[in-house]
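# Chain and residue survey
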Amino acid sequence: MQNGDEVAEGDTIVVIEAMKMEQPLQASKAGDVIAGSATSGSRRVVAHQSR
């Protein structure tokens with residue numbers, strides 16, 4: 001996922017790994033990615049703009 005990508009409601013936007021389990025997070029609304037960056041092992045914050 002990169003800045004400017006379109007996101008539909010229900011799309012997986014990030015997968016969080018904690019205690020050896022993966023937890024996918026889905027978009028609650030359609031929108032556009034306006035900011036986001038990450039590297040393996042880092043924390044990630046994604047901002048999106050709803051349509």
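About the thresholds
- Residues numbered from 1 in each chain as written.
- Predicted model: local features only at pLDDT ≥ 70, side-chain atom pairs only at ≥ 80, totals over all residues.
- Heavy atoms only, no water.
- Helix = DSSP H or I, 4+ residues; strand = E, 2+ residues; numbered from the N terminus.
- Buried < 20%, exposed > 50% of the residue type's maximum accessible area, 1.4 Å probe, protein only.
- Contact = heavy atoms within 4.5 Å.
- Areas by Shrake-Rupley, 256 points an atom, 1.4 Å probe, with all protein chains shown as cover.
- pLDDT = per-residue confidence, 0-100.
- Pairing = 2+ DSSP bridges.

In this section: the overall build of the protein. Helices and strands together make up the secondary structure of the protein, namely zero helices and five strands. Counting only residues that meet the buried cut, the protein has 10% of its 51 residues in that class. Once local pairs closer than 6 in sequence are excluded, the contacts in the protein between residues at least 24 apart make up 24%. For the protein, the accessible surface area stands at approximately 4,200 Å², while carbon and sulfur atoms represent 49% of it.

Turning our attention to the confidence of the model for the protein. On average, residues of the protein score 78 in pLDDT, and 71% of them are at 70 or above. Confidence scores differ between elements of the protein, with strand E5 (residues 45–50) showing the lowest mean pLDDT of 58 and strand E1 (residues 6–7) the highest of 90.

A word on the pairing of strand E3 (residues 21–26). Note: strand E2 (residues 12–18) against E3, six bridges, orientation antiparallel. Bridging from a neighbouring strand, Val15 pairs with Pro24 of E3. Where E2 folds back onto E3 in an antiparallel hairpin, the turn is made up of two residues, including Met19, whose phi is positive at roughly 55°.

Another point: the environment of Ala27. Here Ala27 lies in the loop between E3 and strand E4 (31–37). Considered as a pair, Ala27 and Ile13 are 14 residues apart in the sequence and their alpha carbons are 6.3 Å apart. If we ignore the near neighbours within four places in the chain, the residues touching Ala27 are Val7, Ala8, Glu9, Gly10, Asp11 and Ile13.

Among the secondary structure elements, Glu6 is positioned in strand E1. Remark: the alpha-carbon pair of Glu6 and Asp32, spanning 26 residues in sequence, is separated by 4.5 Å.

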